[in-house]
Amino acid sequence: MIIWIDTETTGLDPHNGELLEIAVVVTDDKFNLVAVHSEVMHHDLDEAILDDWIIKTHGESGLLGEVAE
């Protein structure tokens, strides 16, 4: 089994960044999909530091909207 983990954040600074989403994918040793799960973190982003790339990328994908729900 191989466990793949991906996160989306507001940046790479561990002191100022916010976790937006985490996804986990499990495959077998031949990379056949076994399980997939993702969770969006819901919180207020009014105080978060969002640069232009974050706003454009996560705004277009709809992730920022999901976080704010």
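Our subject is the structure listed above.
Our subject in this report is the structure included herewith. (Residues numbered from 1 in each chain as written. Predicted model: local features only at pLDDT ≥ 70, side-chain atom pairs only at ≥ 80, totals over all residues. Heavy atoms only, no water.)

1. Some words on the overall build of the protein
- Counting its secondary structure elements, the protein contains two helices and three strands.
- The C-alpha radius of gyration computed for the protein amounts to 14 Å, which surpasses the reference 11 Å derived for 69 residues by more than 25%, pointing to a less compact arrangement than a globule.
- Its C-alpha atoms put the protein at 40 × 25 × 20 Å along the principal axes.
- Per-residue burial for the protein yields a buried fraction of 17% across its 69 residues.
- A sequence separation of at least 24 residues applies to 38% of the contacts in the protein between residues at least 6 apart.
- By element, 57% of the accessible surface of the protein is carried by carbon and sulfur atoms, the whole surface being about 5,100 Å². (Helix = DSSP H or I, 4+ residues; strand = E, 2+ residues; numbered from the N terminus. Rg over C-alpha atoms; globule rule 2.2 N^0.38 Å. Buried < 20%, exposed > 50% of the residue type's maximum accessible area, 1.4 Å probe, protein only. Contact = heavy atoms within 4.5 Å. Areas by Shrake-Rupley, 256 points an atom, 1.4 Å probe, with all protein chains shown as cover.)

2. Description of helix 1 (residues 52-61)
- The backbone nitrogen of Trp53 has a side-chain oxygen 3.1 Å away, supplied by the residue at the start of helix 1, namely Asp51.
- Looking one or two places after helix 1, you find Gly62, whose phi comes out positive at around 90°. (Polar contact = N/O pair within 3.5 Å; in protein donor to acceptor, adjacent residues only side chain to side chain.)

3. Section: the sheet that holds strand 3 (residues 33-40)
- Spatial strand order, 1-2-3: three strands in an open sheet with antiparallel pairing. The outermost strands of the open sheet, each flanked by one partner alone, are strand 1 (2-9) and strand 3. Neighbour-to-neighbour, the strand axes of this sheet turn through a mean angle of 10°, independent of strand direction.
- Two elements, strand 2 (residues 19-27) and strand 3, share seven bridges in a ladder whose sense is antiparallel. Counted as the bridge partner of Thr27 is Leu33 from strand 3. (Pairing = 2+ DSSP bridges. Axes fitted to C-alpha atoms, helices over the stretch in contact; angles between N-to-C directions.)

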